[in-house]
Amino acid sequence: MKPLYASKKDVLKDYSQFVSKGKVDFFKKFRMDMVMGKRDGIYFYDMETGRRFINCHCNGGVFNLGHRNPEILAALQEGFQEFDIGNHHLISAARAKLGARLAELMPGSISKTVFGVGGGEAVDLALKLAMGHTGRPNIISAKGGYHGHTGLALAAGDAQFRDPFGIHLSNFRQFPFNDIRTLENKVDDQTAAVILEPIPATLGIVVPDDSFLQAVRKICRERGALLIIDEVQTGLGRTGKLWAVEHWNVEPDILVIGKGLSGGLYPITATCFKPELERIFLEDPFIHISTFGGSEAGCLPALKVLEISSQPDFLKHVLDLGDYFEEGFRKISDRVIRPKFTVRQKGLMIGLKFDTPLKAMALSKLLYDNGLFAVFSGNDPSVVQFLPPLITTFQEAGDILKILEKSIKELNSLKTKMLMQALKLFARDLGRN
Ligand SMILES: Cc1ncc(COP(=O)(O)O)c(C=O)c1O
């Protein structure tokens, strides 16, 4: 392919002028103005310098199977031999196949799917469906959780993302994640649904107490509210099970997936639900529309993603690699006495928690300088989100741990007040999803 630009400088100029001046200024200020060029497996490279980065951000799971995974690329190319987007009103063989495969793999009796393009859109539909099905207005979500920036998903998120736009919906309430007592007092006969990520990523990869999700399930069932589980980040093998809820034996009414389902190549998301919730669509099958949702060409790579991610050997690899990292973190914290950090982990859904936000922010920057991309959590910047691709080999995992140890040592020797102060400004964009 002919390069789009002769130099990075020109990209930065146009990006600043035509796309986002704020981002260009931000990344320049922190000397992080790389522009993604070549990408392959767990790596991506700066377009000009060729500097290599290991991707432990993975766009929150988009690159679970690595960049430009050859099997998924082949499936997409095959899809384009025959298909295009298709027509969202008409019956589609590709969507039928993908829906059927999802039904086989979903927990419990979930067997229906509506496809979307983005995770926020898929969450919007889940919330809309819960309200329509129950005839109740209220939605309860976790403080510091994150479900997207679209309408209802935005309303279920934190005020900081809504306030600048003046958007406030009074039927959306929140409770502290893991606090079952508070939730118990909030769910009533006006509650349509409780929506939760099993392990909220933006809140700092908080692994729930063992009994929490089961208790939420019970409260919802008893009070006639639905349980919506957002597996946009945790799904598709990230935690070592295909769906994170399997760790706690929880059967949601609606399960939302996105990010990784795209294989990093073609956007596609899914709102999957129990058959009894279909009633509203039976009354009017055209009541919800997404023009690009479930693009026919995109269904093929998604099928390949499901095929790879559901294989027992693949899931075992995720768990084994998770153990390897756990052991590696332990050795690092034995060798590097300071700064102390604790590990939050389920499979390869990992957060490194420090006692102050500045340490986690500084570590993100040092990791970047050492060739590894990982960001801190937007709603708890004292946690570095650590999400290696699920196809990482043990050798690559060893390299990742070496970079981590080097960066933590550098963090310990960071005396420069100026840098620490500058890093205060770092808090905003990088921790976002
Ligand atoms: C848990 C969760 N839900 C929903 C979303 C929204 O997905 P999208 O950005 O595709 O709209 C995200 C995005 O980061 C997410 O992390």
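Just so it is clear, the model here is predicted, and its values are computed rather than measured. Every chain begins its residue count from 1, and numbering advances along the sequence as written. Given that the model is predicted, a residue must reach a pLDDT of at least 70 before its local features are reported, and side-chain atom pairs must reach 80 or more before they are shown or counted; all residues, however, enter totals for whole chains, interfaces and linings. Hydrogens and water are ignored here; the side-chain numbers use all heavy atoms of the structure.

A. Just the site of the ligand, in detail. Distances are taken per atom, and a residue is near a molecule or strand as soon as one of its heavy atoms is within 4 Å of it. In the vicinity of the ligand, twelve residues are found, and the nearest of them are G119, G120, D230, Q233 and K259. By the criterion applied in these results, polar contacts are pairs of N or O atoms within 3.5 Å in which, for protein atoms, one can donate a hydrogen and the other can accept it, and in which residues neighboring in sequence qualify only through two side-chain atoms. In the environment of the ligand, an oxygen atom lies 2.7 Å from a nitrogen or oxygen atom belonging to the backbone of G120. In the model, a nitrogen atom of the ligand is placed 2.6 Å from a nitrogen or oxygen of the D230 side chain. Contact with the protein chains covers 83% of the free accessible surface of the ligand, which is 390 Å². Residues are grouped as follows: nonpolar covers Ala, Val, Leu, Ile, Met, Phe, Trp, Tyr, Cys and Pro; charged covers Asp, Glu, Lys and Arg; every other residue, Gly included, is treated as polar. Taken together, the residues of the shell around the ligand sort by class into two nonpolar, seven polar and three charged. The method behind every accessible area is Shrake-Rupley, applied with a 1.4 Å probe, and residues are considered shielded solely by the protein chains displayed.

B. Inspection of the domain arrangement of the protein chain at higher detail. Parsing the protein chain into structural domains produces domain 1 (34–63 + 312–430) and domain 2 (70–309). With centres defined by C-alpha atoms, the gap from domain 1 to domain 2 works out at 27 Å. Contacts were defined at the residue level, with two residues in contact if any of their heavy atoms lie within 4.5 Å. The interface is formed by 28 residues belonging to domain 1 together with 32 residues belonging to domain 2. The term buried area refers to how much accessible surface (probe radius 1.4 Å) is lost by two components on association, counted for both of them together. Across the interface of domain 1 and domain 2, roughly 2200 Å² is buried in total on both sides, 60% from carbon and sulfur atoms. Contact with domain 2 buries area across many residues of domain 1, yet K346, M349 and N379 alone supply 34% of it, more than any other trio. We define a salt bridge as a contact between a side-chain nitrogen of Lys or Arg and a carboxyl oxygen of Asp or Glu at a distance within 4 Å. Taken together, the connections running from domain 1 to domain 2 amount to zero salt bridges. Applying the counting rule to domain 1 against domain 2 returns ten residue pairs in polar contact (both at pLDDT 80 or more). Elements supplying a minimum of two residues to the side of domain 1 that touches domain 2: helix 12 (312–335), strand 11 (341–346), strand 12 (349–354) and strand 15 (380–386). The source of the domain bounds is an automatic or database domain assignment. Helix and strand assignments come from DSSP, with helices taken as H or I runs of at least 4 residues and strands as E runs of at least 2, each series counted from the N terminus.

C. Spotlight on unusual backbone geometry. Going from R338 to P339, the amide bond is cis rather than trans, its omega being -5°. Within the secondary structure, P339 is located in the loop between helix 12 and strand 11. Phi at C58 takes a positive value of approximately 55°, unusual for a residue other than glycine. Residue placement: C58 occurs in the loop between strand 3 (52–55) and helix 3 (70–82). Here the phi dihedral of N249 falls at roughly 55°; this positive angle occurs in a residue that is not glycine. Relative to the helices and strands, N249 is located in the loop between strand 8 (226–230) and strand 9 (254–257). For the exposure calls, accessible area comes from a 1.4 Å probe over protein chains only, and a residue counts as buried if that area is under 20% of its type's maximum, exposed if over 50%, partly exposed in between. A relative accessible area of 66% places N249 in the exposed class.

D. Just the side chain of S141, in detail. When you line up the elements, S141 lands in strand 5 (residues 138–142). Within the structure, the side chain of S141 is placed 3.3 Å from the side chain of Q174, a separation counted as a polar contact. With near-sequence residues (within four places) excluded, S141 lies in contact with H147, A156, R173, Q174, F175 and I195.

E. Spotlight on the side chain of N64. Relative to the assigned elements, N64 resides in the loop between strand 3 and helix 3. Here the side chain of N64 touches R238 through a polar contact of 2.8 Å, side chain to side chain. For N64, the residues in contact, after removing those within four places along its chain, are G235, L236, R238, G260, P389, L390 and I391.

F. Up close: helix 1 (residues 8–19). Within helix 1, burial applies to K8, V11 and L12. Down the axis of helix 1, the buried set is contained in an arc of 95°. They therefore lie on one face. Opposite its buried face, helix 1 presents the exposed residues K9, K13, Q17 and F18, each directed more than 90 degrees away. Considering only its buried residues, helix 1 is in contact with helix 2 (21–29) and strand 2 (43–46). Working note: the arc is built from the helix axis to C-beta atom directions.

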